[in-house]
Amino acid sequence: MWLRMFYSAIICSMWINHSSCLLQSIWCLPEFYPVCPATLRHTETPMIHVKARSSPYPGSQVKRFPVHDDNVSWSREWAEYDPVDYTAECVKAGPEWADPDFRESDQLKHAPRFNELDGRIDRRSYLGVYELDKDNLPRNPMGRTGMISRGLLGKWGPNHAADPIVTRWKREGGEKVIHKLSGKPILQFISIKRKDCGQWAIPGGMVDAGEHPSTTLKREFGEEALNSLRIPRCEKDRIRKQFQAIFSKENAVKIYAGYVDDPRNTDSAWIETVAVNFHDDTGNSVGDLNLHAGDDAEDVQWCDIDKNLQLYASHLQFLKSVTELWGGHW
């Protein structure tokens with residue numbers, strides 16, 4: 001039992017991020033990136049979440065109440081629905097990134113102001129106004145998950161994240177590599193291997209209270225793909241110049257803003273993200289990056305984009321949008 005509790009504590013600690021790294025400086029100020037309307041169409045496409053109904057819940061042996069595809073939608077009456085109430089111990093401990101459980105009598109004054117900017121916390125959803133249930137808990141706009149409360153997530157309702165997709169063309173001898181079947185050039189992206197589940201993913205993370213997502217994009221990329229938390233002071237100026245080149249507005253296109261089919265989601269708390277593609281067409285800027293896994297990542301590498309990749313959460317869908325944007329192989 002104690003081993004299970006110890007393992008759960010380790011998993012919980014991976015969601016904690018209190019550090020102030022070198023990326024939170026003048027070269028990490030908020031920016032507003034151009035939007036490609038064609039690639040944002042997925043935000044309006046009906047989705048039946050799958051990973052958000054998976055069991056056991058991450059970092060635990062807790063199993064969700066089974067939810068069949070036909071019963072996901074809240075519009076479907078289902079009197080027998082009895083979701084499991086679960087919040088991880090690391091969230092119950094009350095870290096600064098987590099909301100208190102306002103259902104407890106002594107916490108009623110801390111009830112969140114849902115669907116609005118609540119102090120420094122943005123509780124608005126990219127999907128519009130979300131409903132509250134009979135207990136005044138936010139209701140997942142994508143439907144039932146088999147679990148209520150927050151699981152590993154700190155906030156009731158939307159938990160905002162940001163995912164930087166850094167890409168280049170795969171080249172050999174300076175020329176783009178063409179895929180034999182599709183006849184299209186192959187794109188590569190910087191991928192990290194998550195410590196918590198061992199899956200490959202886009203480097204990214206949660207938006208801190210009061211933080212603009214564009215700042216999160218740079219901070220998370222630096223921490224997970226460059227191990228910026230451990231970069232010597234003498235290297236900061238060189239990294240700053242690289243970031244100015246890679247994360248410029250000229251190289252950036254916002255490709256997605258919305259719900260993420262994440263295994264940590266519950267009926268009462270879910271992840272929404274903004275995904276921005278930073279494409280280096282020549283490869284000159286990103287080629288100088290010294291990739292080194294850090295923070296929540298155990299490995300990092302350039303990876304060819306292909307529809308057969310097995311990636312975390314909704315990340316594969318984001319990459320599909322990137323290939324459509326640049327005319328790359330899928």
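Residues numbered from 1 in each chain as written. Predicted model: local features only at pLDDT ≥ 70, side-chain atom pairs only at ≥ 80, totals over all residues. Heavy atoms only, no water.

Student: So what's going on with the nonpolar core? Which residues, and what values?
Tutor: Ranked by size, the top nonpolar core spans 56 residues in total, and within it I165, V166, F189 and F221 carry the most contacts. Listed by contribution, the elements that provide at least two residues to this core are strand 5 (157-169), strand 8 (187-194), helix 3 (213-225), helix 4 (236-246), strand 11 (252-259), strand 12 (269-280), strand 13 (297-304) and helix 5 (315-326). Per-element tally for this core: the top contributor is strand 12, with seven residues. In contact with F189, other than residues within four places in its own chain, are I165, V166, T167, A201, I202, Q301, W302, C303, I305, L309, L311 and L319. Among the nonpolar cores identified, the runner-up in size contains nine residues, and Y86, A88, W97 and L152 belong to it. (Core = buried A, V, L, I, M, F, W, Y, C linked by side-chain atoms within 4.5 Å. Buried < 20%, exposed > 50% of the residue type's maximum accessible area, 1.4 Å probe, protein only. Helix = DSSP H or I, 4+ residues; strand = E, 2+ residues; numbered from the N terminus. Contact = heavy atoms within 4.5 Å.)

Student: Which residues make up the pairing of strand 11, and what values go with them?
Tutor: By the criterion of burial, strand 11 is predominantly enclosed, with seven of the eight residues buried. With seven bridges joining them, strand 11 and strand 12 adopt antiparallel strand pairing. Looking across to strand 12, one finds that A252 is bridged to F278. (Pairing = 2+ DSSP bridges.)

Student: Run through the pattern of salt bridges, naming residues and quoting values.
Tutor: Opposite charge on two side chains allows them to pair when their charged atoms are near. If you walk through the whole model with that rule in mind, you get 17 salt bridges. One salt bridge in this structure joins D304 and K170, with 2.8 Å as the shortest N-O distance. Here K170 lies in the loop between strand 5 and strand 6 (171-172) and D304 lies in strand 13, a separation of 134 residues in the sequence. Look at the salt bridges and you will find they share partners, linking D99, R113, E116, D118 and R123 into a network. (Salt bridge = Lys/Arg side-chain N within 4 Å of Asp/Glu carboxyl O.)

Student: Requested: an account of the side chain of H279, with residues and values cited.
Tutor: Examined against the element boundaries, H279 turns out to sit in strand 12. Within the structure, the side chain of H279 is placed 3.3 Å from the side chain of W169, a separation counted as a polar contact. For H279, the side chain forms a polar contact with the side chain of D281, separated by 3.2 Å. Setting aside residues up to four positions removed in sequence, H279 forms contacts with T167, R168, W169, L187, N251 and W326. (Polar contact = N/O pair within 3.5 Å; in protein donor to acceptor, adjacent residues only side chain to side chain.)

Student: Describe helix 3, with residues and values.
Tutor: Over its 13 residues, helix 3 extends 18 Å from the first C-alpha to the last, a length consistent with the 18 Å expected when each residue adds 1.5 Å. For helix 3, the tally of buried residues reaches 12 of 13 residues, placing the bulk of the element in the interior. Listed as buried for helix 3 are S214, T215, T216, L217, K218, R219, E220, F221, G222, E223, E224 and A225. (Expected span 1.5 Å × (residues − 1).)

Student: So, the environment of D196: which residues are in play, and what are the values?
Tutor: One can find D196 in the loop between strand 8 and strand 9 (200-201). For the pair D196 and D296, spaced 100 residues apart in the sequence, the C-alpha separation amounts to 7.7 Å. In this structure the side chain of D196 is engaged in a polar contact, spanning 3.1 Å, whose partner is the side chain of R194.

Student: Provide a residue-level description of helix 5, including the pertinent values.
Tutor: Counted at 1.5 Å a residue, the expected span for helix 5 with its 12 residues is 16 Å, and the 17 Å between its end C-alpha atoms agrees. Those residues of helix 5 that sit buried are H315, F318, L319, S321, V322 and T323. Downstream of helix 5 by one or two residues, G327 has phi in the positive range, about 70°.

Student: Which residues make up the side chain of T273, and what values go with them?
Tutor: Considering the arrangement of structural elements, one finds T273 in strand 12. In this structure the side chain of T273 is engaged in a polar contact, spanning 3.3 Å, whose partner is the backbone oxygen of A161. A polar side-chain atom of T273 sits 3.5 Å from the main-chain amide nitrogen of A162. Every residue in contact with T273, bar those within four places of it in the chain, is listed here: Y126, A161, A162, D163, Y256, A257, G258, V260 and F318.

All quantities given are derived from atomic positions and should not be read as evidence of function.
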